[in-house]
Amino acid sequence: MKKGKLLYEGKAKRVYETDNKDLLIQQFKDDATAFDATKRGTIVNKGVINNEISRILFELLESKGIETHFVKQLDDRNMLMKRVEIIPLEVTIRNVVAGGMAKLLALEEGIVLDEPVLEYHYKKDELHDPLINDYHAKAMKLATDEELDFIKQRSFEINNILKSFFDHKGLDLVDFKLEFGRHKGKILLADEISPDTCRFWDKKTKKKLDKDRFRRDLGNVEDAYQEVLKRIIAE
Ligand code: 5GP
């Protein structure tokens, strides 16, 4: 499958058309940004690692009946995916208080939540991805009631699968962000699942093994991404 026109360039990925109108190629870059791209940098080999981690996690989810946009891995930085119309909602699931929730509610990072918390953020850089609820999403016509119900249910299912998978790898899945898209009447999980979009803490030491190392200048960013991949691959 050959790359056609560049359709979209985001902060961490490029999306290309292919000769099949239903299929796109997603290329993972090493560029890293944070805080609305006011902080920029490069994480060596991030694109290769995130492509591989996303492949493994999309395949895991597909094997459990979760439909995703993933078709196949093409090479170390590129994956083939179904063309979706992205729903401009970032769905965040939190198992442990960190980041945005700690700040919003002045809570200590690390509090384990009795039940996962689901948040919607409107995907709009200019507005800094504001926190919204179902009513805002409907008022803005971002998704219908039925779609929101489906997305909510899917997101909790995905959390159960990923949380248990990472638990076996010695990692706490603290929180993560999902994006969904419409494809031929269905809603598919889209985007990526990687240390760019999830928080992973070592179960024992609580060491951060994700993009927070870049955001907070904690050092050893590449090693942390490599470590997550190593744990995922380990039997
Ligand atoms: P928070 O709202 O605490 O900043 O983020 C919650 C989780 O969602 C974190 O795992 C974070 O990495 C992910 N997340 C939220 N918004 C974004 C975003 O715009 N880009 C990326 N890559 N991840 C995000």
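Each chain has its residues counted from 1, following the order in which its sequence is written. Only residues with pLDDT of at least 70 are given local features in this predicted model, and only at 80 or more are side-chain atom pairs given and counted; all residues enter the totals for whole chains, interfaces and linings. Hydrogen atoms and water are omitted, and side-chain values are computed over all heavy atoms in the structure.

**Q** Tell me about the sheet that holds strand 7 (residues 78–82), residues and numbers included.
**A** Should DSSP find at least two bridges between two strands, the strands are regarded as paired. Numbered from the N terminus, helices here are DSSP runs of H or I no shorter than four residues, and strands are runs of E no shorter than two. Reading across from one edge, 1-2-3-7-6 is the order of the five strands in this open sheet, with antiparallel pairing throughout. Only two strands of the sheet have a single neighbouring strand rather than two, namely strand 1 (6–9) and strand 6 (70–73). Adjacent strand axes in the sheet meet at a mean angle of 25° when their direction is disregarded. Where strand 3 (residues 23–28) lies against strand 7, five bridges are found, and the strand directions are antiparallel. Paired with Leu23 across the strands is Lys82, a residue of strand 7. The contact criterion used throughout is that any non-hydrogen atoms of two residues lie within 4.5 Å. To obtain an axis, a line is fitted to C-alpha atoms, over the contacting stretch when the element is a helix, and the angle between two such axes runs from 0 to 180 degrees between their N-to-C directions. Seen against the sheet, helix 1 (residues 46–63) touches strand 3, strand 6 and strand 7 and runs at an angle of roughly 130° to strand 6.

**Q** So what's going on with the domain arrangement of the protein chain? Which residues, and what values?
**A** Where a domain begins and ends is set by an automatic assignment or by a domain database. Per the domain assignment, the segments of the protein chain are domain 1 (6–82) and domain 2 (85–220). Between the C-alpha centres of domain 1 and domain 2 there is a distance of 17 Å. The interface of domain 1 with domain 2 comprises 30 residues on the first partner and 26 residues on the second. Put simply, buried area is the surface a 1.4 Å probe can reach on two separate parts but cannot reach once they are joined, added for both. Three residues, Leu57, Ile66 and Glu67, lead the burial of domain 1 against domain 2; their summed loss comes to 21% of the area buried on that side. Note on definitions: salt bridges are taken to be side-chain nitrogens of Lys or Arg within 4 Å of carboxyl oxygens of Asp or Glu. Across the domain 1-domain 2 interface, the total number found is seven salt bridges. Between Asp22 and Lys184 there is a salt bridge; the shortest N-O distance is 3.2 Å. Think of a polar contact as two N or O atoms within 3.5 Å of one another; within protein, one of them needs to be a possible hydrogen donor and the other a possible acceptor, and neighboring residues in sequence only count if both atoms come from side chains. In this structure, the connection of domain 1 to domain 2 is made through 18 residue pairs in polar contact (both at pLDDT 80 or more). Secondary structure elements with two or more residues in the side of domain 1 that touches domain 2: strand 3, strand 4 (31–34), strand 5 (39–42) and helix 1. By residue number, the principal contributor to the side of domain 1 that touches domain 2 is helix 1, which donates eight residues.

**Q** Tell me about the site of the ligand, residues and numbers included.
**A** Working definition: residue near molecule or strand if any one of its non-hydrogen atoms lies within 4 Å of it. Near the ligand lie 15 residues; those nearest to it are Arg94, Gly100, Asp175, Arg199 and Arg215. What sets the accessible areas is the Shrake-Rupley method with a 1.4 Å probe; for residues, cover comes only from the shown protein chains. Coverage of the ligand by the protein amounts to 79% of the 490 Å² it exposes when considered alone. Broken down by secondary-structure element, the contributors of at least two residues to the shell around the ligand are strand 9 (89–96), helix 2 (99–105), strand 12 (171–178) and strand 15 (198–202). Side-chain classes are defined by residue name, with Ala, Val, Leu, Ile, Met, Phe, Trp, Tyr, Cys and Pro counting as nonpolar, Asp, Glu, Lys and Arg as charged, and the others, Gly among them, as polar. Of the residues that constitute the shell around the ligand, the class distribution is three nonpolar, four polar and eight charged.

**Q** Got a sec to walk through unusual backbone geometry? Specific residues and values, please.
**A** Within the chain, Ala37 stands out as a residue other than glycine whose phi angle is a positive 65°. Note on placement: Ala37 falls in the loop between strand 4 and strand 5. Its identity as a non-glycine residue notwithstanding, Asp191 has a phi of 60°, on the positive side. When you line up the elements, Asp191 lands in the loop between strand 14 (186–189) and strand 15.

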